[in-house]
Amino acid sequence: MDKDEHSVDPEGSSADRSGLVSEDGKNTKSVLCQRCGSKVLCPGMAVFSEKELFLPSMKKKRALSTSEGPMDGDNLTAHWLVDDMYTFENVGFTNDVGRIKYLICADCEIGPIGWHCLDDKKSFYVAVERVNHA
C-alpha cells in the first residue's frame with residue numbers, strides 16, 4: 001500500500017476532514033463513539049496528526065485483550081493526537097498488548113478507537129475513521 005499522505009482512502013476521510021480541522025490543526029467538533037454516541041473529546045482538545053498505525057478490527061474490550069496470533073485490522077493514518085490522558089472526556093484502555101494499550105469507549109467498551117504506546121507517555125492517538133464528529 002502506498003504511504004502517500006495525501007491519498008484518499010475508501011472512506012473518503014480526506015474530503016471529510018476540511019470541516020473537522022481548524023486553522024491551527026485542532027478538532028473543530030466533538031469526537032463521539034460510533035456505537036453509543038458517548039463524547040470522547042471536546043472541540044479544540046486534539047491536534048490532527050498523520051501517522052500510520054495498525055488498529056485491530058472493532059470488538060468488545062474482552063476480545064481485544066485476549067486475542068492471540070495475527071489480528072485482523074486496518075493501517076490507519078488520520079488521527080487526533082492528545083498529549084494527556086486526562087484530556088479525554090470518556091475513554092478506556094485495554095490491558096497491555098505488547099507495549100501497546102488500545103483506546104476504547106469507556107461506556108460501551110467497543111474499540112479500538114485509538115492507540116497508545118507505553119514508551120511514549122504523551123501520545124494518545126484516536127483514529128478519525130473510528131469515531132463520529134458532531
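Scroll up to find the structure this text is about.
Summary of the structure given here. Please read all numbers here as calculations on a predicted model, not as lab measurements.

### With respect to the packing of aromatic side chains
The final tally for this structure, using the stated rule, is 4 aromatic pairs. Considering the side-chain rings of Phe48 and Trp80, the 5.9 Å spacing of their centres and the 80° angle between planes classify their relative orientation as edge-to-face. With Phe48 in strand 3 (residues 47-56) and Trp80 in strand 5 (residues 73-82), the pair connects residues that are 32 residues apart, well separated along the chain. Of the two residues, Phe48 and Trp80, neither departs from the other in class, the shared state being buried. On the basis of an interplanar angle of 85° and a centroid distance of 6.2 Å, the ring pair of Phe88 and Phe124 is categorised as edge-to-face. Residue Phe88 is located in the loop between strand 5 and strand 6 (92-93), and its partner Phe124 is located in strand 10 (residues 124-127); the two are separated by 36 residues in the primary sequence. Judged by its relative accessible area of 9%, Phe88 is buried. Relative accessible area serves as the criterion here: at 3%, Phe124 is assigned to the buried category. Among the aromatic side chains, those forming a connected cluster through ring pairs are Phe88, Phe93 and Phe124.

### Quick word on unusual backbone geometry
In this model, Gly111 is joined to Pro112 through a cis peptide bond whose omega is 5°. Along the chain, the position of Pro112 falls in the loop between strand 8 (110-111) and strand 9 (114-117). If you check the backbone angles, Glu109 has positive phi at about 60° while not being a glycine. Structurally, Glu109 is set in the loop between strand 7 (100-104) and strand 8. Judged by relative accessible area, Glu109 falls into the partly exposed class, the value being 33%.

Reading the values: the criteria
Per-chain numbering applies: the sequence of each chain, read as written, is numbered from 1 onward. Where local features are concerned, this predicted model is filtered to residues with pLDDT of at least 70; where side-chain atom pairs are given and counted, the filter is 80 or more; whole-chain, interface and lining totals use all residues. With hydrogens and water excluded, all non-hydrogen atoms of the structure serve as input to the side-chain values. Ring geometry is summarised as follows: Phe, Tyr and Trp rings, the Trp one being its six-membered ring, pair when their centres sit within 6.5 Å, and such pairs are stacked at plane angles under 30 degrees, edge-to-face over 60 and tilted between the two. Note on conventions: DSSP H or I runs of at least 4 residues are helices, E runs of at least 2 residues are strands, and numbering of each starts at the N terminus. Burial classes: relative accessible area under 20% of the type maximum marks a residue as buried, over 50% as exposed, and values in between as partly exposed (1.4 Å probe, protein chains only).

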